[in-house]
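Examination of the molecular architecture
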Amino acid sequence: KKSICANGVTGPRVRSSETVGRLRLSRGVGVVNVTVPMKTAAPMNRAAAAMEPTVLHLDRFHLLRSIGQGGMGTVYLAYDSIEQRRVAIKFLADNLAKEKLNVDRFNREARIGASFDHQHIVRTLMYGRDQMSGRHAMVLEYVDGPSCSYLLDRDGKLSADDAALVIYHVAQALAHVHEHRVIH
């Protein structure tokens with residue numbers, strides 16, 4: 001079976017400060033990156049509201065390679081030596097971290113991402129500021145898979161069935177986001 005995805009980023013679903021991203025598909029190992037502006041219409045659920053930025057100890061993670069670049073920063077594939085699993089770590093760009101508004105957006109994105117528990121949405125595992133480097137980061141669930149651009153180059157356009165499956169999974173994820181009163 002071929003993998004299905006709908007963007008050019010390999011690996012995790014990447015969230016930028018104003019986006020919901022990376023949707024996991026049930027069939028294959030494909031990853032969909034969906035970039036849509038987000039604003040909260042009402043308070044998030046209590047568990048998400050309770051998750052606040054923490055002092056991160058990123059020395060437990062071994063950065064393996066860059067896997068994505070966006071408007072808010074860079075995403076790296078990393079290995080968590082404590083949990084013994086691969087994760088994605090998104091770092092807020094240094095030039096953006098100088099402005100409180102950008103840090104607040106980054107943290108809001110992470111907090112919102114942490115509130116979702118859905119099979120087609122990548123989870124935010126933790127976020128905050130690294131104790132040693134001072135960099136703002138969020139640690140995300142890593143979903144392995146080829147990029148959409150790779151699949152399209154390799155296989156050509158998606159079949160109608162595959163395209164319908166992508167749309168179905170994206171719609172399921174967006175419905176879940178709406179249930180959490182996030183407007184995009």
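Okay, the pairing of strand S6 (residues 73–80) next. Strand residues, when the strand is regular, have side chains that alternate between the two faces of the sheet. Across the eight residues that make up S6, a large majority, six, are buried. The sheet contact formed by strand S5 (residues 61–69) and S6 spans seven bridges and is antiparallel. Residue Gly68 lies in a different strand from S6, and its bridge partner there is Val75. Taking the residues between adjacent antiparallel strands as the criterion, S5 and S6 are bridged by three residues. Taking the residues that link successive antiparallel strands as the turn, the S6-strand S7 (residues 85–92) hairpin has four residues, and the phi of Gln84 there is positive, at about 55°.

Nonpolar side chains tend toward joint burial in soluble globular proteins. Of all hydrophobic cores here, the largest spans 17 residues; its most connected members are Ile67, Ala88, Leu92 and Met138. Those residues in contact with Met138 that sit more than four places away from it in its chain are Ala88, Ile89, Lys90, Phe106, Glu109, Ala110, Thr124, Met126 and Tyr127.

Pairing geometry for strand S4 (residues 54–56) and strand S8 (residues 124–130), over three bridges, is parallel. Residue pairing across strands places Leu56 opposite Asp130, the latter belonging to S8. Looking at chain direction, S8 and strand S9 (residues 136–141) are connected through five bridges and run antiparallel. In the sheet register, Thr124 faces S9, and the bridge partner there is Leu140.

On average, the protein chain scores 76 in pLDDT, and the residues at 70 or more come to 71%. Confidence, expressed as mean pLDDT per element, reaches its minimum in the protein chain at strand S3 (residues 39–40) with 38 and its maximum at S7 with 97. Segment residues 1–50: pLDDT under 50, and 186 contacts once partners within four positions in sequence are set aside and those in other chains are kept.

The tally for this structure, following the rule as stated, stands at one aromatic pair. Both rings, one in Tyr76 and one in Phe91, keep their centres 5.8 Å apart while their planes meet at 75°; by these two values the pair is edge-to-face. One end of the pair, Tyr76, is in strand S6; the other, Phe91, is in strand S7, with 15 residues separating them in the sequence. Judged by relative accessible area, Phe91 falls into the buried class, the value being 6%.

According to the stated counting rule, one finds eight salt bridges in the structure shown. Among the ionic pairs, Arg60 bridges to Asp80, the shortest N-O distance being 2.6 Å. Pair noted here: Arg60 is in the loop between S4 and S5 and Asp80 is in strand S6, with a separation of 20 residues, a long-range link. One network of salt bridges, in which partners are shared, links Asp117, Arg123 and Glu141.

A word on the side chain of Glu109. As for its position among the elements, Glu109 is in helix H3 (residues 100–115). A relative accessible area of 2% places Glu109 in the buried class. A polar contact of 3.2 Å, which involves the side chain of Glu109, links it to the side chain of Lys90.

Once that is clear, we can look at helix H5 (residues 160–179). Its 20 residues give H5 an end-to-end C-alpha distance of 28 Å, which sits within 8% of 28 Å, the value for a rise of 1.5 Å per residue. For H5, the complete set of buried residues consists of Asp162, Leu165, Val166, His169, Val170, Ala173, His176 and Val177. The buried residues of H5 occupy one face: seen down the axis, they fall within an arc of 125°. Facing away from the buried side of H5 by more than 90 degrees, the exposed set consists of Ala160, Asp161, Ile167 and Glu179.

The rules behind the values
Residues numbered from 1 in each chain as written. Predicted model: local features only at pLDDT ≥ 70, side-chain atom pairs only at ≥ 80, totals over all residues. Heavy atoms only, no water. Buried < 20%, exposed > 50% of the residue type's maximum accessible area, 1.4 Å probe, protein only. Helix = DSSP H or I, 4+ residues; strand = E, 2+ residues; numbered from the N terminus. Pairing = 2+ DSSP bridges. Core = buried A, V, L, I, M, F, W, Y, C linked by side-chain atoms within 4.5 Å. Contact = heavy atoms within 4.5 Å. pLDDT = per-residue confidence, 0-100. Phe/Tyr/Trp six-rings, centres within 6.5 Å; stacked < 30°, edge-to-face > 60°. Salt bridge = Lys/Arg side-chain N within 4 Å of Asp/Glu carboxyl O. Polar contact = N/O pair within 3.5 Å; in protein donor to acceptor, adjacent residues only side chain to side chain. Expected span 1.5 Å × (residues − 1). Arc of directions from axis to C-beta.

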